[in-house]
Amino acid sequence: MQVQAIEPPAAPARPPQVVQIRKLELFIVPLAENERVCFEVHLLLSTNTGPLTSEWVLEACDKPSDWVIWSYGFRKMLNAKQPCDAYELARRCGGNSVYSHLARAALQQLIGKEQLVRADRRTSLMERASQYVCLF
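Residues numbered from 1 in each chain as written. Predicted model: local features only at pLDDT ≥ 70, side-chain atom pairs only at ≥ 80, totals over all residues. Heavy atoms only, no water.

A. Geometry of the overall build of the chain. Looking only at helices and strands, one finds five helices and six strands in the chain. Looking at the 136 residues of the chain, the share that counts as buried comes to 38%. Approximately 8700 Å² of the chain is accessible, and the part contributed by carbon and sulfur atoms is 52%. (Helix = DSSP H or I, 4+ residues; strand = E, 2+ residues; numbered from the N terminus. Buried < 20%, exposed > 50% of the residue type's maximum accessible area, 1.4 Å probe, protein only. Areas by Shrake-Rupley, 256 points an atom, 1.4 Å probe, with all protein chains shown as cover.)

B. Expanded view of the sheet that holds strand S3 (residues 36–47). Judged by pairing direction, the sheet is antiparallel, and its four strands sit side by side in the order S4-S3-S2-S6 without closing on themselves. Strands at the two margins of the open sheet, each flanked by one partner only, are strand S4 (50–59) and strand S6 (131–135). On average, adjacent strands in this sheet sit at an angle of 15 degrees to one another, irrespective of strand direction. Relative to S6, strand S2 (residues 21–33) runs antiparallel, the two sharing five bridges. By the bridge assignment, Leu-24 is partnered in S6 with Leu-135. The strands touched by helix H4 (residues 98–111) within the sheet are S3 and S4, with S4 carrying the most contacts at an inclination of about 150 degrees. In the packing of helix H5 (residues 121–128) onto the sheet, the strands contacted are S2, S3, S4 and S6, and the crossing angle to S2 comes to about 45 degrees. (Pairing = 2+ DSSP bridges. Axes fitted to C-alpha atoms, helices over the stretch in contact; angles between N-to-C directions. Contact = heavy atoms within 4.5 Å.)

C. Representation of the pairing of S2 in the model. Relative to S3, S2 runs antiparallel, the two sharing twelve bridges. In the strand pairing of S3, Lys-23 is matched with Ser-46. As consecutive antiparallel partners, S2 and S3 are separated by two residues, and within that stretch Asn-34 has a phi angle of approximately 50 degrees, a positive value.

D. Representation of H4 within the structure. Helix length check: H4, at 14 residues, gives a terminal C-alpha distance of 20 Å against a target of 20 Å (1.5 Å per residue), a fit within 8%. Burial within H4 is extensive, with ten of its 14 residues counted as buried. Buried within H4 are the following residues: Val-98, Tyr-99, Ser-100, Leu-102, Ala-103, Ala-106, Leu-107, Gln-109, Leu-110 and Ile-111. Packed against the buried residues of H4 are strand S1 (18–19), S3, S4, helix H1 (67–71), helix H2 (73–77) and helix H3 (86–92). (Expected span 1.5 Å × (residues − 1).)

E. Representation of the pairing of S3 within the structure. Of all twelve residues in S3, nine are buried; the element is thus mostly enclosed. Two elements, S3 and S4, share ten bridges in a ladder whose sense is antiparallel. Paired with Cys-38 across the two strands is Glu-59, which belongs to S4. A loop of two residues connects S3 with S4, the two strands running antiparallel in sequence.

F. Highlighting the packing of aromatic side chains. Tallied over the full model, the rule gives six aromatic pairs. Ring geometry for Trp-67 and Trp-70: centres 5.3 Å apart, planes at 80 degrees, overall edge-to-face. With a gap of three residues between them, Trp-67 and Trp-70 both fall in helix H1, about one helical turn apart. You can call Trp-70 buried: its relative accessible area is 14%. By way of ring pairs, the aromatic residues Phe-39, Trp-67, Trp-70, Phe-74 and Tyr-99 are connected into one cluster. (Phe/Tyr/Trp six-rings, centres within 6.5 Å; stacked < 30°, edge-to-face > 60°.)

This is the structure in structure tokens:
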């Protein structure tokens, strides 16, 4: 008896997920835990596909002297002028910097179809934040 193996069909190509970042907001929330001071940095991206968010905790010793100047690191990675493929944008956000981690985590919500941000999230962050930076 002769058996012929059937090759599995090729995986369908993912259609490009086009994203355009319209606004980038940073919310800095101070935390005090057991005499240890640190800062939660929340990134909120307003995009054509809806809001995307991520967060990172910075130790007090890593706190920049000026959050506005510090936030300009995002301009190098996230260009709001034209739409681009979300996968390519996430790939460009490679590296181990805080900027890279925050940007990749936010974009992963779009790529991985994770739960998107609730509408009241921004309001909650605005109430808790001691610093606020808006780019674009």
